[in-house]
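# Commentary on secondary and tertiary structure
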Amino acid sequence: MSTLSDAIALRRTFAIISHPDAGKTTLTEKLLMFGGAIQMAGAVRARGEQRRTRSDWMAIEKERGISVSASVMSFEYAGLSFNLLDTPGHEDFSEDTYRTLTAVDSAVMVLDAAKGIETQTLKLFEVCRLRDVPIITFVNKVDREGRETFDLLHEVEKTLALDVCPVTWPIGMGRDLKGVYDLVNDRVIMFDPGRGDHIAEISVDAPLDSPRLDEAVGKAAADRLREEVELVRGGYPEFDLESFLAGHLTPVFFGSALKTFGVAELLKGIGRLAPPPISRKADTRTVEPDEAKVTGFVFKVQANMDPNHRDRIAFFRICSGRFRRGMKMKHVRSGKVMALVNPVFFLARDRELAEEAFPGDIMGIPNHGQLRIGDTLSESEDMNFLGIPTFAPEVLRRVRLDDPMKAKQLKKALEDLAEEGVSQVFKPLDGSTWIVGVVGPLQFDVLTTRIESEYNIKAGFEDGGFVTARWVAAESEAEMKRFMDSNKSNMAEDRDGAMVYLARNSWQLNRAQQDFEKVRFTATREQH
Ligand code: G4P
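Description of the structure in this document. (Residues numbered from 1 in each chain as written. Predicted model: local features only at pLDDT ≥ 70, side-chain atom pairs only at ≥ 80, totals over all residues. Heavy atoms only, no water.)

## Side note on the overall build of the protein
Within the protein one finds 15 helices and 33 strands. The 528 residues of the protein split such that 56% are buried. Excluding contacts between residues fewer than 6 apart, the proportion of contacts in the protein whose partners are at least 24 apart in sequence is 71%. Summed over its atoms, the accessible surface of the protein is roughly 22,600 Å², and 49% of this surface lies on carbon and sulfur atoms. (Helix = DSSP H or I, 4+ residues; strand = E, 2+ residues; numbered from the N terminus. Buried < 20%, exposed > 50% of the residue type's maximum accessible area, 1.4 Å probe, protein only. Contact = heavy atoms within 4.5 Å. Areas by Shrake-Rupley, 256 points an atom, 1.4 Å probe, with all protein chains shown as cover.)

## Observations regarding the packing of aromatic side chains
Taken as a whole and assessed by the stated rule, the structure comprises 15 aromatic pairs. Here the aromatic rings of Phe 75 and Phe 82 are separated by 5.2 Å at their centres, their planes lie at 10 degrees, and the arrangement is stacked. The same class applies to Phe 75 as to Phe 82, namely buried. Both rings, one in Tyr 501 and one in Phe 521, keep their centres 5.9 Å apart while their planes meet at 85 degrees; by these two values the pair is edge-to-face. (Phe/Tyr/Trp six-rings, centres within 6.5 Å; stacked < 30°, edge-to-face > 60°.)

## Quick look at unusual backbone geometry
One non-glycine residue with positive phi stands out, namely Asp 21, at about 85 degrees. As for its placement among the helices and strands, Asp 21 is situated in the loop between strand 1 (11–18) and helix 2 (24–34). Take Asp 21: its relative accessible area is 67%, and that puts it in the exposed class. Phi is positive for Ala 78, which is not a glycine, with a value near 50 degrees. Tracing the chain through its elements places Ala 78 in the loop between strand 2 (72–77) and strand 3 (80–85). According to the relative accessible area criterion, Ala 78 is exposed, its value standing at 65%.

## A short note on the pairing of strand 8 (residues 179–182)
For a regular strand, side-chain orientation follows a simple rule: the groups alternate between the two sheet faces. Because side chains alternate across strand 8, one face comprises the buried residues Gly 179 and Tyr 181, and the other comprises Val 180 and Asp 182, equally buried. In the sheet, strand 7 (residues 168–171) pairs with strand 8 via four bridges, with the strands oriented antiparallel. If you follow Ile 171 over to strand 8, its bridge partner there is Gly 179. Bridge count for strand 8 against strand 9 (residues 187–190) is four bridges, and the pairing is antiparallel. What sits directly across from Gly 179, in strand 9, is Met 190. Counting the residues that bridge the hairpin from strand 8 to strand 9 gives four residues, and of these Asp 186 lies at a positive phi of roughly 50 degrees. (Pairing = 2+ DSSP bridges.)

## Quick look at the pattern of salt bridges
Following the criterion strictly, the structure yields 35 salt bridges and no others. With a closest N to O distance of 2.8 Å, Arg 187 and Asp 182 form a salt bridge. According to the relative accessible area criterion, Asp 182 is buried, its value standing at 3%. The residue Arg 233 makes a salt bridge to Asp 186 at a minimum N-O spacing of 3.6 Å. In this pair, Arg 233 is assigned in helix 9 (residues 219–235) and Asp 186 in the loop between strand 8 and strand 9, connecting sequence segments 47 residues apart. Given a relative accessible area of 44%, Arg 233 falls into the partly exposed group. Assessed through its relative accessible area of 26%, Asp 186 is described here as partly exposed. By sharing partners, the salt bridges in this structure join Asp 182, Arg 187, Glu 265 and Lys 268 into a single network. (Salt bridge = Lys/Arg side-chain N within 4 Å of Asp/Glu carboxyl O.)

## Structural notes on the sheet that holds strand 2
Read across the sheet, seven strands follow the order 2-3-1-4-5-11-6 without closing on themselves; strand pairing throughout is mixed. Of all the strands in the sheet, the pair left with one neighbour each is strand 2 and strand 6 (163–166). The sheet shows a mean angle of 30 degrees between the axes of neighbouring strands, taken without regard to direction. Pairing of strand 1 with strand 4 (residues 106–112), which is carried by five bridges, proceeds in the parallel orientation. (Axes fitted to C-alpha atoms, helices over the stretch in contact; angles between N-to-C directions.)

## Brief notes about the sheet that holds strand 10 (residues 203–205)
Adjacent strands of a sheet pair through backbone hydrogen bonds, lying either parallel or antiparallel. One open sheet accounts for four strands, arranged 7-8-9-10; its pairing is antiparallel. This sheet does not close on itself; its edge strands, each paired only once, are strand 7 and strand 10. Mean inter-strand twist for the sheet, computed between neighbouring axes without regard to direction, equals 25 degrees. Against the sheet, helix 9 contacts strand 7 and strand 8, and its axis sits at roughly 150 degrees relative to strand 7.

## Re the nonpolar core
With 82 residues, the main nonpolar core has Tyr 181, Leu 213 and Phe 323 as its most contacted residues. In terms of residue count, strand 15 (residues 312–320) provides more of this core than any other element does, six residues in total. No fewer than three residues from each of domain 1 (4–273) and domain 2 (280–378) sit in this core. With near-sequence residues (within four places) excluded, Leu 213 lies in contact with Tyr 181, Val 188, Ala 206, Pro 207, Leu 208, Gly 218, Ala 222, Leu 225 and Arg 226. (Core = buried A, V, L, I, M, F, W, Y, C linked by side-chain atoms within 4.5 Å. Domains from an automatic or database assignment.)

## Section: the packing of helix 2 against helix 11 (residues 263–273)
Interhelical geometry of helix 2 versus helix 11 gives an angle of 75 degrees and a closest axis separation of 10 Å. One finds that helix 2 runs roughly perpendicular with respect to helix 11. Residues Leu 27, Lys 30, Leu 31 and Phe 34 of helix 2 pack against Val 263, Ala 264, Leu 266 and Leu 267 of helix 11. Tallied by class, the residues present in the contact of helix 2 with helix 11 amount to seven nonpolar, no polar and one charged. (Parallel < 35°, antiparallel > 145°, perpendicular 65-115°, else oblique. Nonpolar A, V, L, I, M, F, W, Y, C, P; charged D, E, K, R; others polar.)

## A short note on the environment of Pro 428
Looking at where Pro 428 falls in the secondary structure, it is placed in strand 26 (residues 423–428). Spatially, the C-alpha atoms of Pro 428 and Val 500 are 8.9 Å apart, while their sequence positions differ by 72 residues. When neighbours within four sequence positions are excluded, Pro 428 is seen to be in contact with Arg 398, Thr 433, Trp 434, Ile 435, Met 491 and Ala 492.

## Concerning helix 2
Most of helix 2 sits out of view: ten of its eleven residues are buried. Burial in helix 2 covers these residues: Lys 24, Thr 26, Leu 27, Thr 28, Glu 29, Lys 30, Leu 31, Leu 32, Met 33 and Phe 34. Gly 36 sits one or two residues past helix 2 and shows a positive phi near 70 degrees.

## Considerations on the environment of Arg 11
Structurally, the position occupied by Arg 11 is in strand 1. Distance from Arg 11 to Gly 271, taken between C-alpha atoms, is 8.6 Å for residues 260 residues apart in sequence. A polar contact of 3.0 Å, which involves the side chain of Arg 11, links it to the backbone oxygen of Ala 7. (Polar contact = N/O pair within 3.5 Å; in protein donor to acceptor, adjacent residues only side chain to side chain.)

Shown next as structure tokens:
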């Protein structure tokens, strides 16, 4: 049986960030293939299709070509345990993505070799930067004509203000792709376009000055590679682990997810470079992963994963200690002790009971709504992990209920769905119907469809006259009362009863802020 510190050293918990279409799904699939978690390519997608047939809202996902629901996939490779957290790529779901990124220790940024940094890559990168998450770059699709390699890397450096350090280097691109050069071990990894889904790679030891290099890739390509490598070695900084771990430098790999090429190198690279679970900040202190007592936090809640059950699954990241099934932990927010008897691990295809888990692992905890995003469970003293905020929604609409008899059920549906953290529900103090806020408007379509398919209620969303929301608080009760009295038609409560100011336009918000200098307006609300 492994010790806690051994288990920690073997874990890598990461996410893939990319712009839609850069190849995240394909790469995920191939990583799982290497991990032996799936047997053949197409399985991730096939599983996706199967899931989609289950309920209508998944159809929206399919129709729009986006992946709405994030999940966790665990697999092993070369003696290491990897936890890959999937992040939804569409910009409308950035809040969900944000929180998923709070649960990882590193990220792989996938770029399309022909496109470089795209809008969504940039956004997600910025989220990683906020927390100094170390990033490994994978330049994908080198089997197709791409942009000039130096040019592409320059763009990464310039746009992201990040040092780049190539670990492999492409030998040709598109039709002329011969392979990639492993700059650390002086090897050529040969590209064989016919090999498709084979996972074994053919590599040749070929130091740059050796004739073996010419034999392997041809004289012209070898000479060009020699020139390029000279520029690479002269022009880019050496790999510096500290700088990478601080999020200032990104090692770069090249390959083709579709052709399963360069993927093994990437995976080995993640194993070698990406950090094992690191310490985490809580409100009272920093928690080290090798502490004996188990602690962790919920970063995502998914309601109705199985339409036959009303259960929710809370995605729980372990921060310290060795978890054993059946263990009792304190739910800090409520002060209640929970016995965790049926937590699950997410495998590529299935779930299985989590008998034992270590820092970096993600467990799904079935519950009836007690567990919320941002909640801490602790076997140790009371504490709350920090950094999992709720954002002010960017789009607000008023709920329209077609059948007034179903108001109660609708309330339940809205609250259930808000628990997943993608939408927020506000109850106006003037007694009018709920205002729902989301980060992107597409989310309203998803909500409408889910409310109908999962709760059998016909409802819609219409303009409620509000454009933005701010959490408000004041030092003194009297000041708060004065503020609320003069803004009666703008006041609402969030799900936890916290006061929210709904503004009809930005002018109104500015005005309120000027008139009430002692009231604090915040666009994010830390859970604790
Ligand atoms: P995403 O999850 O980031 O949105 O990307 P996804 O993997 O779905 O890939 C987007 C498209 O790019 C797919 O083509 C996929 O086959 C292709 N692709 C991914 N990796 C590579 C690669 O290394 N080389 C090349 N040439 N193409 C790649 P599609 O036509 O949109 O879908 P499909 O019909 O192939 O499934």
